Amino acid sequence: MSERPEIVPIGQVPELGVVPEKMHAWVIRPDRFGEPKKSFQIEEMPVWDLAPGEVLVQVMAAGINFNAIWAGLAKPVDVLKGLGQGFHIAGSDASGVVWAVGPGVDDHKVGDEVVLHCNHLLYPGTNDLQTIWGYETGDGSFAQFTKVQGQQVLPKPPQLSWEDAASYGLTYYTAHRMLVDRAKLQPGEDVLIWGAGGGLGVFAVQLANVMGARAIAVVSSDDKAELVMSLGAHGVINRKEFPGLQYKDDMTEEELAKHKADLKGFGKRIWDILGERKGPDVVFEHVGKATFPASVFLAAKYGRIVICGATTGFNLNFDVRHLWMRQKQIIGSHFADADSASRANRLMIQGKVKPVMTRLFTWDEIGESHQLMYENKLHGTVSALVGAPRPGLKNLEETRAAIANG
Ligand SMILES: NC(=O)c1ccc[n+]([C@@H]2O[C@H](COP(=O)([O-])OP(=O)(O)OC[C@H]3O[C@@H](n4cnc5c(N)ncnc54)[C@H](OP(=O)(O)O)[C@@H]3O)[C@@H](O)[C@H]2O)c1
């Protein structure tokens, strides 16, 4: 094995298993907390040492998620405070190659091509106290090397490029957990999916299909309508046709009347799509305040409303009579564990579910990609190249050949 280099340029990869002393990384520090254009800066950092059970991964591509923006803003919490290292390397999605394993790791080996799920356990071996790797830990994927627990490592779908493989974990595993493990969606059931063209939604639509359920997709534009139908939605509703359906506090009498009318009109549209007078058995919720009253109203008798987020507001106001009189359930869900992520990843390997990447950035653009996300100028799933020298490469062999060919 060759000597340990000090650092390797971006777009190059050292000899398999040779770990450089330092790495290039996008680093957040407290003295530059703020918008991504301020908080994200490239630095040279020491490569991680490994503790028992840990795995070092050469990152080939990394997924871009909103949580890195929160880390840089130090809002709603300052995640750097608990880290004890004075800096933060964000990034909760990645594809890459195992480059070293710590003591006690016998289920992964150097050279394995992998994807990573972000459920980092405070006490490995238990399912308690989950934290999010690359957000609540500071050793994420916006660096040439990342350090994860062995239980976070999953096989990379061999047919996918590094960038596609890095794009789906956080959103797809969350959607899978919501529908499969929490709502227990059944074949023949109907599921209403808010934000069906968004990060979670594109996977919820595909999963409904795989599970033999009918997806009623809600979107706000024609291009997203086309996308979700191509992913297998049974029917689609453009929510712009029902503007009054959006709930807000302190509505006037007139707005309330419009709200009720649009709610009924929207429900009728669902009946038309399903060809029967019934509501969805499951409602896939993450929008929160603006749609939650509609979700509770629209769900069928005994229906389940599964929720993992609240983009438009956390304090939900809904008519609880619809819940108890028709015996519906509200179910909370948060990311996924290693078991459900692994089951979800298997469907990706089998090609039954596919990534839907909307934009790819280069290493140099990782800060800018977060700034665009912060300014709401990106949608869907987005990733960036890290170690991979160009898009379209699927494994280490192809990557080495591309590097050699310049
Ligand atoms: N707990 C967890 O583990 C977890 C994991 C992942 C994500 N989340 C949360 O889930 C939420 C969605 O994540 P994402 O990645 O899917 O985000 P995303 O890609 O931004 O998609 C969200 C979609 O919601 C729809 N939407 C936005 N405002 C709406 C409104 N007022 N009424 C109806 N629909 C609206 C939009 O679709 P249209 O405009 O086309 O309707 C948008 O595409 C976020 O709040 C995120 O923090 C939680």
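Thresholds, definitions, all that
- Residues numbered from 1 in each chain as written.
- Predicted model: local features only at pLDDT ≥ 70, side-chain atom pairs only at ≥ 80, totals over all residues.
- Helix = DSSP H or I, 4+ residues; strand = E, 2+ residues; numbered from the N terminus.
- Rg over C-alpha atoms; globule rule 2.2 N^0.38 Å.
- Buried ≥ 20, exposed ≤ 12 C-beta atoms within 10 Å, placed from the backbone.
- Contact = placed C-beta atoms within 7 Å.
- Pairing = 2+ DSSP bridges.
- Axes fitted to C-alpha atoms, helices over the stretch in contact; angles between N-to-C directions.
- Near = placed C-beta within 6 Å.
- Core = buried A, V, L, I, M, F, W, Y, C linked by C-beta atoms within 7 Å.
- Domains from an automatic or database assignment.

A. A look at the overall build of the protein chain. Along the protein chain, the regular secondary structure elements total 12 helices and 17 strands. Computed over C-alpha atoms, the radius of gyration of the protein chain comes to 22 Å, within 12% of the 22 Å expected from 2.2 N^0.38 for 406 residues, which places it in the range of a compact globule. If you line up the protein chain on its principal axes, its C-alpha atoms span 70 × 45 × 40 Å. A buried classification covers 47% of the 406 residues belonging to the protein chain. Taking the contacts inside the protein chain whose residues are at least 6 apart along the sequence as the reference set, 68% of them involve residues at least 24 apart.

B. Layout of the sheet that holds strand 11 (residues 214-219). An order of 12-11-10-13-14-15 is seen for the six strands of this open sheet, with the pairing classed as parallel. Each edge of the sheet is formed by a strand with only one pairing partner; in this case those strands are strand 12 (235-238) and strand 15 (329-332). Averaged over all pairs of adjacent strands, the angle between strand axes in this sheet comes to 20 degrees, irrespective of strand direction. As defined by bridge partners, strand 13 (residues 282-285) adjoins strand 14 (residues 304-307) across four bridges and the pair is classed as parallel. When the sheet's bridge partners are listed, Val-282 is paired in strand 14 with Arg-304. Running at roughly 160 degrees to strand 12, helix 7 (residues 253-274) makes contact with strand 10 (190-193), strand 11 and strand 12 of the sheet.

C. Layout of the site of the ligand. Close to the ligand lie 28 residues; Gly-195, Gly-198, Gly-199, Ser-220 and Gly-309 are nearest. Where the shell around the ligand is concerned, the elements lending two or more residues are helix 4 (169-182) and strand 11. Among the elements that take part in the shell around the ligand, helix 4 stands out by supplying three residues, more than any other.

D. View of the nonpolar core. The biggest cluster of nonpolar side chains holds 112 residues, and the ones touching the most others in it are Val-57, Ala-61, Ile-193, Ala-204, Val-205, Ala-217 and Phe-284. Broken down by element, the residue count for this core peaks at eight residues, all from strand 3 (residues 54-64). Counting only domains with at least three residues in this core, you end up with domain 1 (22-168 + 355-404) and domain 2 (172-332). For Phe-284, the residues in contact, after removing those within four places along its chain, are Met-178, Leu-179, Val-191, Leu-192, Ile-193, Trp-194, Ala-204 and Val-306.

E. Representation of helix 5 (residues 201-210) within the structure. In terms of burial, helix 5 is largely enclosed, as eight of its 10 residues are buried. Looking at the buried positions of helix 5, the neighbouring elements they touch are helix 4, strand 10, strand 11, helix 6 (222-230) and strand 13. Following helix 5 by one or two positions, Gly-212 adopts a phi angle in the positive range, close to 75 degrees.

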